[in-house]
There are 2 protein chains.
Amino acid sequence: MSLTSRERLYLYDTTLRDGQQTQGVQFSTPEKAAIARALDDLGVDYIEGGWPGANPTDSEFFETRPDLRATFTAFGMTKRAGRSAANDEVLAAVMNAGTPAVCLVGKTHDFHVTTALGITLEENLVNIRDSVAHLVAGGREALFDAEHFFDGYKANPDYALEALKAAHGAGARWVVLCDTNGGTLPAEVGRIVAEVIAAGIPGARLGIHCHDDTGNAVACSLAAVDAGVRQIQGTLNGLGERCGNANLTSLIPTLLLKEPYASRFETGVAREALAGLVKVSRQLDDILNRVPLRSAAYVGASAFAHKAGLHASAILKDPTTYEHVDPALVGNARVIPMSNQAGQSNLRARLAAAGIEVAPGDPRLARILDVVKAREDQGYAYDGAQASFELLARAELGLLPRFFEIKRYRVTVERRKNRYDQMVSVSEAVVVVKIGRDKVLSVSESTDETGTDRGPVNALAKALAKDLGPYQASIEDMQLVDFKVRITQGGTEAVTRVIIDSEDGSGRRWSTVGVSPNIVDASFSALLDAIQWKLIQDGAEPALG
Amino acid sequence: MSLTSRERLYLYDTTLRDGQQTQGVQFSTPEKAAIARALDDLGVDYIEGGWPGANPTDSEFFETRPDLRATFTAFGMTKRAGRSAANDEVLAAVMNAGTPAVCLVGKTHDFHVTTALGITLEENLVNIRDSVAHLVAGGREALFDAEHFFDGYKANPDYALEALKAAHGAGARWVVLCDTNGGTLPAEVGRIVAEVIAAGIPGARLGIHCHDDTGNAVACSLAAVDAGVRQIQGTLNGLGERCGNANLTSLIPTLLLKEPYASRFETGVAREALAGLVKVSRQLDDILNRVPLRSAAYVGASAFAHKAGLHASAILKDPTTYEHVDPALVGNARVIPMSNQAGQSNLRARLAAAGIEVAPGDPRLARILDVVKAREDQGYAYDGAQASFELLARAELGLLPRFFEIKRYRVTVERRKNRYDQMVSVSEAVVVVKIGRDKVLSVSESTDETGTDRGPVNALAKALAKDLGPYQASIEDMQLVDFKVRITQGGTEAVTRVIIDSEDGSGRRWSTVGVSPNIVDASFSALLDAIQWKLIQDGAEPALG
């Protein structure tokens, strides 16, 4: 089938609005901006930024007027009964955001109209019609989110359809069928969508919005497309209220790579952009400081991991034996036992990137892989800590210079009442370092210029950087720019992984990792790696031989 | 519909076999026994224990001959070409496990027969036929796992069907259609299953085995049932190779609670057992030391969490407004989290759930929301820390008992070489508490029974819990079950948020939050909240008035 004969299918992202309904998620304005940029690079068609007026962050984000290729969309609700659309201040706040498109949620389930809103069924239809007409008159692309549509249709199909028609007739570009409570199953979604289209609303004007309360949000979305809808709403990594929304990170590759969708539809996401999908998914997890879900479809770290021995050996003969798509198409990678040939060629490429050339088949390659595997079992993660990985490899290759040695350190955190009867805390660190023949003792405390105690890791970093003798000039322009902590095992056996991002005067950035059940010790290891890597880059002379 | 007229649908659990193919999962024999017991109490029909002979743990588990209500099943593969079924030692090991049922995997995709096995298509049919006949002759219930069936059927439908018929004709009780690579979509599964039945294998003899590589394993399983299969294979919490198997924890409630399944089918799982589903799901996570997935369908901690303000106020009027099923049916609970998107009705619901009734419009409600907002700006997050939220609200309402007062604490982390020239670390904490008129000093160190230093927070938790005088009995059964750290601002201004999950002897779990630039201090606050909340629940007498 040629490109031009394919139908257009539109992707509508609501990570910044419904995704923010996830328990524990609250984006800041810069985080919203970063996610919007990532979505725009991916190529989704609509980016819903939030509900202007509902909270200060959402309002602030709309004020930034992000420059996007996608249609930037504000979310709100249909006007209340007893006032005109023009006089509804909630609706006015949404309009004032000045976005090219506006999506308004409204009731389509008779029970909700009378119970939750406490208005008549006719008043609700007027609210829908007038609100949509108000958007259209204001020159906006209008979307109507038909809340509880599937439950409403099952209870009272005539009224639910009337509500859709009110929006459609008033000029809504899209009427979005929402399974708000997430309980509708795929077969039922398909059947009801077909009935809606038969009742006169064309599929080209219909969208679908599903939730994952039965684990079927992706399948329900596909069933709706099969039945004729042409807009899919969802979120990155399936964020969202309760069990989350339809996961766009799963849907997009299916739509682009698998039949019947790949031949039939065109979306705003290009094949090249699809190769950035894993990166986008990880970026969101980074912002949320979540551990990425290993088993996630397409993008999970285990999605192409072949643990079964029979599978792994067949994969070596032909990857299609146990892979439904090529992992590279979504920016993912095949994971096969560390000891084999493919593992070694990966490793050589990574070392070469760090300027370390090792011949194929060098036995030290297998040793490095063994150490990496053992460290990963302890909780290390080298994907995000290239500098620590280089140090590990150098150690195995005999290429690690010895600059200094930590003899001991001690950190004290103390909290007590001061003379004004206020609780105050202070941390103090002592570090003892051997450099050549010299033993250097340094002490620092954690109080910053504002008098705030910044804690034991801060005190330790300052003490460590206070006097490193001949290396002082090299570390003087270093600063810690980010500090991430993750508990890699739950419960009382908790092990802490600390990743530190450092930067120097030249703008160079590098990341190091430390792991320990003791969070202070994990941080200290990562700090040490950061300094050591910097000294190697600067070509510092090893004082310990 | 009466009970007797319902069709029987069989549930086949493969957590102990395919679930063990999950990256990072390796069950011990006692763990397998515990999971099998939990599955048996739940009421699944078949429990696949593993592959006897494939590895020592699996062999050992079968030797324990667990006493189960379910049909205990051994997994293996069809005999190799060039020997008889009776002379195949791999098959013999499976038979020797002595289980009432045996499931053998075999090829149905012509490409795999010739490429992976390197035998003729006819030899493969003989292997299937003879192996199944061997099981039947040995008095076993025979199951045939048709590997790569859907891909095989798409490539060569005639051969794939011949393979199924070989197993069926030889007496297999079940022919299980496996989507081994996980790439088949629900509509395709439904169509192909219908064609298989039309080709002469009755649905009452067919099973389905799906993987989640496109996020559709649950939907594919349902599509297969809709088309006529009567056995579903899956795993608890969707464990399994790559993205995992069909998640029985999602499927079982759908089959029991939702139409058309609830009226149409009967399974081995009783409604009363379903109320233990959350517990079974958590038990598996405990064994794997995994943090439970909050967004999991039905069983996730967020599955019935209503964050949106509009949702929360409607839920107060009628829970069916935003819940597709009653959470109690699966042993879950409704959660009305706090967030700055929530209004006063959300807040009142949250307080009511904690047993605190406040009249609508009470001015203290607005004050509580102001405090929550101010705290969230500092980095607090009350969504995941309801116990800390309750304490905050009680403080504003004048309902916070004063049990004890922390006068001061000090934690020391020390790392130095021991006499064997190894670096060792130890943390020590001193806590001074005033209880009534008494001042209590406690000291603890962080070394656990294995000699591992578990860090400053561990030392502090132990010192704090060492002697709380009249409250000691109440905190004795408390334990810290999870510890999460998030840096809420990057760089040198880093602020740390710590969330602690605690549990007591009654199985009650609660979460508390602490925030500070000093990670030790943030942890200490969260620990204090956890103890204080527990004392309130236990009705402890305030010693400080």
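As the structure is a prediction and not an experimental result, all values here were calculated from the model.

### Here we look at the overall build of chain A
Here is step 1 of the chain: The helix and strand tally for chain A stands at 20 helices and 16 strands.
Here is step 2 of the chain: By residue count, 50% of the 545 residues in chain A fall in the buried class.
Here is step 3 of the chain: Within chain A, residue pairs in contact and separated by at least 24 positions form 67% of the contacts whose partners lie at least 6 positions apart.

### Re the sheet that holds strand S14 (residues 479-487) of chain A
All names here are of chain A.
Here is step 1 of the chain: Taken in spatial order, the three strands make up an open sheet running S14-S15-S16, and their pairing is antiparallel. Of all the strands in the sheet, just S14 and strand S16 (509-516) have a single pairing partner and so form its edges. Taken over all neighbouring pairs, the strand axes of this sheet differ in orientation by 20 degrees on average, direction set aside.
Here is step 2 of the chain: By the bridge criterion, eight bridges tie S14 to strand S15 (residues 496-503) in an arrangement that is antiparallel. Across the sheet, residue Lys484 finds its bridge partner in S15, namely Ile499.
Here is step 3 of the chain: Contacts from helix H20 (residues 519-537) reach S14, S15 and S16 within the one sheet, and its direction differs from that of S16 by about 145 degrees.

### A word on the packing of helix H1 (residues 29-42) of chain B against helix H13 (residues 277-288) of chain B
All names here are of chain B.
Here is step 1 of the chain: Closest axis-to-axis distance for the H1/H13 pair is 10 Å, and the angle between their directions is 175 degrees. In terms of axis orientation, H1 runs roughly antiparallel to H13. Two secondary-structure elements touch here, H1 through Glu31, Ala34, Ile35, Ala38 and Leu42 and H13 through Val280, Gln283, Leu284 and Ile287.
Here is step 2 of the chain: Taken together, the residues of the contact of H1 with H13 break down into seven nonpolar, one polar and one charged.

### Looking at the packing of helix H18 (residues 456-466) of chain A against H20 of chain A
All names here are of chain A.
Here is step 1 of the chain: Where H18 contacts H20, the two axes come as close as 10 Å, and the packing angle between them is 35 degrees. Relative to H20, the crossing made by H18 is right-handed. In this structure, H18 uses Pro456, Val457, Leu460, Ala461 and Leu464 to contact H20, whose residues at the interface are Val520, Ser523, Phe524 and Leu527.
Here is step 2 of the chain: Tallied by class, residues from the contact of H18 with H20 come to eight nonpolar, one polar and no charged.

### Focus on the interface of chain A and chain B
Here is step 1 of the chain: The interface of chain A with chain B comprises 89 residues on the first partner and 93 residues on the second.
Here is step 2 of the chain: It is strand S11 (residues 405-417) of chain A that contributes the most residues to the side of chain A that touches chain B, eleven residues altogether.
Here is step 3 of the chain: The class makeup of the residues in the side of chain A that touches chain B is 32 nonpolar, 33 polar and 24 charged.
Here is step 4 of the chain: Relative to strand S11 (residues 405-417) of chain B, S11 of chain A runs antiparallel, the two being bridged by nine bridges. From the neighbouring strand, Arg408 of chain A faces S11 of chain B, where its bridge partner is Arg416 of chain B.

### Side note on the UniProt feature "domain: Pyruvate carboxyltransferase" (unreviewed entry) in chain A
Here is step 1 of the chain: The feature "domain: Pyruvate carboxyltransferase" (unreviewed entry), as annotated in UniProt, sits at residues 9-275 of chain A in this numbering.
Here is step 2 of the chain: Secondary structure across residues 9-275 of chain A divides into 43% helix and 16% strand, with the first and last C-alpha atoms of the span separated by 19 Å.

### A look at the pairing of strand S4 (residues 71-77) of chain A
On any regular strand, side chains alternate: one points to one face of the sheet, the next to the other face.
Residue and element names in this part refer to chain A.
Here is step 1 of the chain: Burial analysis of S4 places six of its seven residues in the buried class, which makes it a mostly covered element.
Here is step 2 of the chain: The pairing of strand S3 (residues 46-48) with S4 spans three bridges and is parallel. Residue pairing across strands places Glu48 opposite Thr73, the latter belonging to S4.
Here is step 3 of the chain: Of the crossover connections in this fold, the one passing from S3 over helix H2 (residues 56-63) to the parallel S4 is right-handed.
Here is step 4 of the chain: Note that S4 and strand S5 (residues 101-107) share five bridges and pair parallel. Within S5, the position partnered with Phe75 by the bridge is Cys103.

### As for the sheet that holds strand S14 (residues 479-487) of chain B
All names here are of chain B.
Here is step 1 of the chain: If you walk across this open sheet you meet the three strands as S14-S15-S16, and the pairing is antiparallel. Every interior strand has two partners, whereas the edge strands, S14 and strand S16 (509-516), have only one. Averaged over all adjacent pairs, the angle separating strand axes in this sheet is 20 degrees, with direction ignored.

### Focus on the nonpolar core
Here is step 1 of the chain: With 208 residues, the main nonpolar core has Phe144 of chain A together with Phe144 of chain B as its most contacted residues.
Here is step 2 of the chain: If near-sequence neighbours (up to four positions away) are discounted, Phe144 of chain A is found in contact with Leu104, Gly106, Ile128, Val132, Ala167, Ala172, Val175 and Val176 of chain A.

### As for helix H7 (residues 157-169) of chain A
Think of an α-helix as turning once every 3.6 residues; residues three or four places apart then point the same way.
Residue and element names in this part refer to chain A.
Here is step 1 of the chain: When the terminal C-alpha atoms of H7 are compared, their 18 Å separation across 13 residues agrees well with the 18 Å that a helix rising 1.5 Å per residue should span.
Here is step 2 of the chain: Close packing links the buried residues of H7 with helix H4 (110-117), helix H5 (121-137), strand S6 (141-147), helix H6 (149-155), strand S7 (174-178) and helix H8 (186-198).
Here is step 3 of the chain: Once H7 finishes, Gly171 follows within two positions and takes phi at roughly 105 degrees, a positive value.

### Concerning the environment of Arg364 of chain B
All names here are of chain B.
Here is step 1 of the chain: Looking at where Arg364 falls in the secondary structure, it is placed in helix H16 (residues 363-378).
Here is step 2 of the chain: The exposure class of Arg364 is partly exposed, given the 13 C-beta atoms found within 10 Å.
Here is step 3 of the chain: Each C-alpha atom of the pair Arg364 and Leu248 lies 46 Å from the other, and the pair is 116 residues apart in sequence.
Here is step 4 of the chain: Residue contacts for Arg364: discarding those within four places in its chain leaves Val358, Glu396 and Leu397.

Cut-offs applied
Residues numbered from 1 in each chain as written. Chains lettered and ligands numbered in written order. Predicted model: local features only at pLDDT ≥ 70, side-chain atom pairs only at ≥ 80, totals over all residues. Helix = DSSP H or I, 4+ residues; strand = E, 2+ residues; numbered from the N terminus. Buried ≥ 20, exposed ≤ 12 C-beta atoms within 10 Å, placed from the backbone. Contact = placed C-beta atoms within 7 Å. Pairing = 2+ DSSP bridges. Axes fitted to C-alpha atoms, helices over the stretch in contact; angles between N-to-C directions. Parallel < 35°, antiparallel > 145°, perpendicular 65-115°, else oblique. Nonpolar A, V, L, I, M, F, W, Y, C, P; charged D, E, K, R; others polar. Left-handed = near helix turned anticlockwise from the far one by under 90°. UniProt positions renumbered as here; feature names shortened; annotations may be inferred. Right-handed = clockwise from strand over helix to strand, strands pointing away. Core = buried A, V, L, I, M, F, W, Y, C linked by C-beta atoms within 7 Å. Expected span 1.5 Å × (residues − 1).

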